[in-house]
Amino acid sequence: MQAFQVNSFDDRAALTTLAAPEPGPGQVAVSLRACGLNFADLLMQKGTYQDTPTPPFTLGLEAAGVVIACGPEVAEFSPGDRVAVFAGSGGLAETGVFDADRVIHIPETMSFEHAAAMQIAYGTSHMALNHCARLQPGETLLVTGAAGGVGLTAVEIGKLMGATVIAQARDAAKLKVAAAAGADHLIDASEDLRSAVKALGGADVVYDAVGGEVWQAAFRSANPGARLLPIGFAGGAVPQIPANHLLVKNLTVIGFYLGGYMKIRPEVVRQSFETLFAWHGEGRIKPHISHCLPLERAAEGLELLRDRKSTGKVVITMNAAD
């Protein structure tokens, strides 16, 4: 089989021929059909992501496909089942073996591309806004990096939850994508973010995937009693948070990392995915996929993320002829 593998942190990942794996106890083998790319894949290539495996390993945090074999102690799945996999790694391959507790059935009406694109971006936004920040109808939600993989889903889910959504992104084309997802107000990254948000009444919840100076401006635009979610640091700089400002304005900063939640509260993550799949079936959410490329072009897909030339998700497909 073919897999997009990291052999060394000194070299970029490359397509590699490997023996097809066999499932062990509690594991499921899946013929993979699609894999969503994430910023974390870029960090894993360099060995700087918090959950990077030891090389050699196959990239790909979230995938979807068809079960082809089950190991002992697996009762929930059977060959032929259509599934999504919150893999952590191993999704950018023609075949993968995964622990059964990271696999979930998907509806017949859901495409593999949508299933692969939904888990991390929608799961992060749904759990961060609903489970952690407790976003309420009528509140104002500020989303930075609002046309990116997670940012766009935060706009969509925030609007579904009844919030007024302020979206910040880097150009008119990306702001147009955020507007289509439901954003009420648009702020270009060239504008003074703090002043623009303050002019709109301030933010009750901040969802920031950028970090650095963007976080600082968003932090200063928060209303008293606001909840702030540092989701990622795509801008490269991890911001420092002044505790005295938290005290004076009664602010709450909530750290959230979906992969970490999978380890401590996997049942909550699964419930979130089930809710999101149901919303998808009802037509309430629809993943925005800007690029869909075959496995042999996985490196190109990662470059699109690195150069910020994509919106929403980039999805890699495989086994299309099966």
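Residues numbered from 1 in each chain as written. Predicted model: local features only at pLDDT ≥ 70, side-chain atom pairs only at ≥ 80, totals over all residues. Heavy atoms only, no water.

Undergrad: Please explain the pairing of strand β6 (residues 82–86) as it appears in this structure.
TA: Among the five residues of β6, five are classified as buried, and the element is accordingly described as predominantly covered. Side chains of β6 alternate between two faces, with Arg 82, Ala 84 and Phe 86 and Val 83 and Val 85 buried alike. In this structure, β6 lies alongside strand β8 (residues 103–105), joined through three bridges in antiparallel fashion. Directly across from Val 83, in β8, lies its bridge partner His 105. (Buried < 20%, exposed > 50% of the residue type's maximum accessible area, 1.4 Å probe, protein only. Helix = DSSP H or I, 4+ residues; strand = E, 2+ residues; numbered from the N terminus. Pairing = 2+ DSSP bridges.)

Undergrad: For this particular structure, what's the right way to read the packing of aromatic side chains?
TA: Any pair of aromatic rings gets described here by the distance separating the centres and the angle formed by the planes. As enumerated under the stated definition, the model contains six aromatic pairs in all. Centre to centre, the rings of Phe 256 and Tyr 261 are 5.5 Å apart; their planes meet at 45°, and the pair counts as tilted. With respect to burial, Phe 256 and Tyr 261 carry one shared label: buried. Here the aromatic rings of Phe 273 and Phe 277 are separated by 6.5 Å at their centres, their planes lie at 25°, and the arrangement is stacked. Placement of the pair is Phe 273 and Phe 277 together in helix α9 (residues 266–281), with a separation of four residues, close to one helical turn. Members of the aromatic cluster, connected to one another through ring pairs, are Phe 86, Phe 273 and Phe 277. Looking at Arg 102, its charged tip hangs above the ring of Phe 86, at a distance of 5.4 Å from the centre. (Phe/Tyr/Trp six-rings, centres within 6.5 Å; stacked < 30°, edge-to-face > 60°. Lys NZ or Arg CZ within 6 Å of the ring centre and 35° of its normal.)

Undergrad: Quick question: what am I supposed to make of the sheet that holds strand β9 (residues 140–143) here?
TA: In any sheet, the strands associate via hydrogen bonds between backbone groups, in a parallel or an antiparallel arrangement. What the six strands build is an open sheet, ordered β11-β10-β9-β12-β13-β14; its pairing is parallel. The open sheet has two free edges, formed respectively by β11 (185–188) and β14 (252–253), since each of these has just one partner strand. With two bridges joining them, strand β13 (residues 222–230) and β14 adopt parallel strand pairing. In the sheet register, Leu 228 faces β14, and the bridge partner there is Val 253. Together, β9, β12 (203–208) and β13 form the strand contacts of helix α2 (residues 112–132), whose direction differs from that of β12 by roughly 150°. (Contact = heavy atoms within 4.5 Å. Axes fitted to C-alpha atoms, helices over the stretch in contact; angles between N-to-C directions.)

Undergrad: How do you make sense of the nonpolar core when you look at a structure like this?
TA: Across soluble globular proteins, nonpolar side chains have a tendency to be buried as a group. By size, the foremost hydrophobic cluster in this structure holds 91 residues, and its most contacted members are Leu 59, Leu 129, Leu 141, Tyr 207 and Leu 229. When residues of this core are assigned to their parent elements, the largest contribution, twelve residues, is made by α2. Beyond its immediate stretch of four places on either side in the chain, Leu 129 contacts Arg 134, Leu 135, Leu 141, Ala 154, Ile 157, Gly 158, Met 161, Val 205, Tyr 207 and Leu 229. The next biggest cluster of nonpolar side chains, apart from the first, holds 16 residues, and it includes Val 197, Ala 217, Leu 228 and Leu 251. (Core = buried A, V, L, I, M, F, W, Y, C linked by side-chain atoms within 4.5 Å.)

Undergrad: Can you walk me through the side chain of Lys 313 in this structure?
TA: Among the structural elements, Lys 313 can be located in strand β16 (residues 313–317). A distance of 3.0 Å separates a polar atom in the side chain of Lys 313 from the backbone oxygen of Leu 37. Excluding anything up to four places from it in sequence, Lys 313 contacts Gly 36, Leu 37, Asn 38, Glu 62, Ala 117, Ala 121, Gly 149, His 288, Ile 289, Ser 290 and His 291. (Polar contact = N/O pair within 3.5 Å; in protein donor to acceptor, adjacent residues only side chain to side chain.)

Undergrad: How should I be thinking about the sheet that holds strand β2 (residues 14–17) in this particular structure?
TA: Spatially, the three strands line up as an open sheet ordered β2-β1-β4, and their pairing is antiparallel. Because the sheet does not close on itself, it has two edges, and the strands there are β2 and β4 (57–58). When strand β1 (residues 2–6) meets β2, the two strands line up antiparallel, connected through four bridges. By the bridge assignment for β2, Phe 4 is matched with Leu 15.

Undergrad: I keep staring at helix α1 (residues 39–46) and nothing clicks. Help me out?
TA: Helical periodicity: at 3.6 residues per turn, an α-helix aligns residues three or four positions apart in one direction. Among the residues of α1, those classed as buried are Ala 40, Asp 41, Leu 42, Met 44 and Gln 45. One or two positions beyond α1, positive phi appears at Gly 47, with a value near 80°.

Undergrad: Mind showing me how you'd approach the packing of α1 against helix α10 (residues 298–306) here?
TA: Two packed helices can be described by the angle between their axes and the distance between those axes. At a minimum axis separation of 9 Å, α1 and α10 run at an interaxial angle of 105°. When the axes of α1 and α10 are compared, the pair comes out roughly perpendicular. On α10, the residues touching Phe 39, Asp 41, Leu 42 and Gln 45 of α1 are Leu 302, Leu 305 and Arg 306. Its residues assigned to classes, the contact of α1 with α10 comprises four nonpolar, one polar and two charged. (Parallel < 35°, antiparallel > 145°, perpendicular 65-115°, else oblique. Nonpolar A, V, L, I, M, F, W, Y, C, P; charged D, E, K, R; others polar.)

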